[in-house]
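What follows is the residue order along each chain.
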Amino acid sequence: MTTSTSSTWTGMLPVDDTALAVTDTGGPGIPVIYLNGQFATQGYWRRVIADLGTGWRHITYDERARGRKSKRSADYSFEAAVRDVDAVLAARGVHRALLVGWSYGAFVGAHWASRHPERALGAVLVDGAQPYDWLDEAMERRIRTMFRRMGWFLPLLRPTGLTPRMTADQMADSNIELGKLGRERELGAVLDAVTVPVRYVLASGTSFGSKGDEQERIRAGLDQVFERNPNIRLSAKVASNHGAILRKDFHAVAEAVREVAALDRAGC
């Protein structure tokens, strides 16, 4: 059973050895929980939330060591990120929610929906959670080199909330772990097990750190998923790239949320 609140709540939620900055708009509408990109913040969702309007209950939060307020942790693993979804929903009295995840958050949303079909109204996955074997030893070295090169200026941006309070090695570890989880045999099995409505909104072109057509080849990994699982469909393929999709094509994301909610109401 979901507990409804009548006003917006903003505060810190203690979880394990850390605390997360959470905002819950409250109200009787369908609860929507937004799952951020790997090092992004809840502010990225503001245009999607504005497009959907006040008829929904919007729940956003900053993951461990992200944003201006969420605290550091000894555990930045993917499993910790999935557990944090449970913690946020439990703290806000929400039993069943619609998940919306971008990039890293799409992986979190896919796993959570697959594990908790009775609690997931459905999911909208934005340019993430695409099964593809892109990680090899050369790519691991490239990732570690990239983050170590950025290590000198990342601390300068931490007070703004634009970069996480994580070391370059911790950020690289998180990225490499995601590459392993995204392998076709790993993520493909997770998506094949999904029994709730899932809609993808895909970007075009490159993403930060990608080269050539790497990103488009990764997105193409979804074609077989769409064929195997009728619950999973493409809602939109938009013109903006990975980093700009929530800023430029927020309406497509909001429309996918409406689509999933309508399927739930129709009992599909």
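Note that this is a predicted model, so its numbers are computed, not measured. (Residues numbered from 1 in each chain as written. Predicted model: local features only at pLDDT ≥ 70, side-chain atom pairs only at ≥ 80, totals over all residues. Heavy atoms only, no water.)

Novice: Explain the environment of A120 to me, and be specific about the residues and the numbers.
Specialist: Here A120 is to be found in strand β6 (residues 120–126). Placed 92 residues apart in sequence, A120 and P28 show a C-alpha to C-alpha distance of 17 Å. Ignoring anything within four residues of it in the chain, the contact list for A120 reads R96, A97, L99, W112, A113 and V196. (Helix = DSSP H or I, 4+ residues; strand = E, 2+ residues; numbered from the N terminus. Contact = heavy atoms within 4.5 Å.)

Novice: Tell me about the packing of aromatic side chains, residues and numbers included.
Specialist: Enumeration according to the criterion identifies five aromatic pairs in this entry. Plain terms: the ring middles of F39 and F147 are 5.9 Å apart, the flat faces sit at 80 degrees to each other, and that makes the pair edge-to-face. Of this pair, F39 sits in the loop between β3 (30–35) and α1 (46–52) while F147 sits in helix α4 (residues 137–150), and the two are 108 residues apart along the sequence. For F147, a relative accessible area of 4% corresponds to the buried category. Between Y44 and W102, the ring centres sit 5.5 Å apart and the planes meet at 25 degrees, which makes this aromatic pair stacked. One end of the pair, Y44, is in the loop between β3 and α1; the other, W102, is in strand β5 (residues 97–102), and 58 residues separate them in sequence. Judged by relative accessible area, Y44 falls into the partly exposed class, the value being 37%. (Phe/Tyr/Trp six-rings, centres within 6.5 Å; stacked < 30°, edge-to-face > 60°. Buried < 20%, exposed > 50% of the residue type's maximum accessible area, 1.4 Å probe, protein only.)

Novice: Which residues make up the pairing of β6, and what values go with them?
Specialist: With seven of seven residues buried, β6 is to be regarded as a mostly interior element. Bridging between β5 and β6 involves six bridges; their strand directions are parallel. Looking across to β6, one finds that L99 is bridged to A123. (Pairing = 2+ DSSP bridges.)

Novice: Explain the pattern of salt bridges to me, and be specific about the residues and the numbers.
Specialist: If charged atoms from side chains of opposite charge come close, those side chains can pair. Under the definition given, this model contains 22 salt bridges. D51 is paired through a salt bridge with R258; the nearest N and O atoms lie 2.9 Å apart. Placement of D51 in helix α1 and of R258 in helix α11 (residues 250–265) is noted, with a sequence separation of 207 residues between them. For D51, a relative accessible area of 23% puts it in the partly exposed group. (Salt bridge = Lys/Arg side-chain N within 4 Å of Asp/Glu carboxyl O.)

Novice: Explain the packing of α4 against helix α6 (residues 168–181) residue by residue, including any values.
Specialist: Their axes nearest at 9 Å, the elements α4 and α6 cross at an angle of 150 degrees. With respect to α6, the axis of α4 lies roughly antiparallel. Relative to α6, α4 is oriented so that their crossing is right-handed. For the pair formed by α4 and α6, the contact residues are E140, I143, R144, F147 and R148 on the first element and A168, D169, M171, A172, D173, N175, I176 and K180 on the second. Of the residues contributing to the contact of α4 with α6, the split by class is six nonpolar, one polar and six charged. (Axes fitted to C-alpha atoms, helices over the stretch in contact; angles between N-to-C directions. Parallel < 35°, antiparallel > 145°, perpendicular 65-115°, else oblique. Left-handed = near helix turned anticlockwise from the far one by under 90°. Nonpolar A, V, L, I, M, F, W, Y, C, P; charged D, E, K, R; others polar.)

Novice: Would you mind going over the nonpolar core in detail, with residue names and values included?
Specialist: I33, V85 and Y200 are the most contacted members of the largest nonpolar core, which has 41 residues in total. If you tally residues by element for this core, the top one is helix α3 (residues 104–115), at seven residues. Beyond its immediate chain neighbours, meaning those up to four positions away, Y200 contacts L125, G128, A129, L191, L222, F226, I232, R233, L234, S235 and A236. Ranked by size, the runner-up nonpolar core spans 26 residues in total, among them V48, W102, V253 and A254. (Core = buried A, V, L, I, M, F, W, Y, C linked by side-chain atoms within 4.5 Å.)

Novice: Summarise the sheet that holds β6; cite the residues concerned and give the values.
Specialist: Pairing is mixed across the open sheet formed by eight strands, whose spatial order is β1-β2-β4-β3-β5-β6-β7-β8. Taken across any chain shown, the strands that pair with only one partner, and hence form the sheet edges, are β1 (9–15) and β8 (232–237). Strand after strand, the sheet turns through a mean of 20 degrees between neighbouring axes, direction not considered. Sitting on the sheet, α3 is in contact with β3, β5 and β6, with an inclination near 150 degrees to β5. This element, α11, spans β3, β4 (56–61), β5, β6, β7 (198–202) and β8 of the sheet and lies at about 155 degrees to β6.

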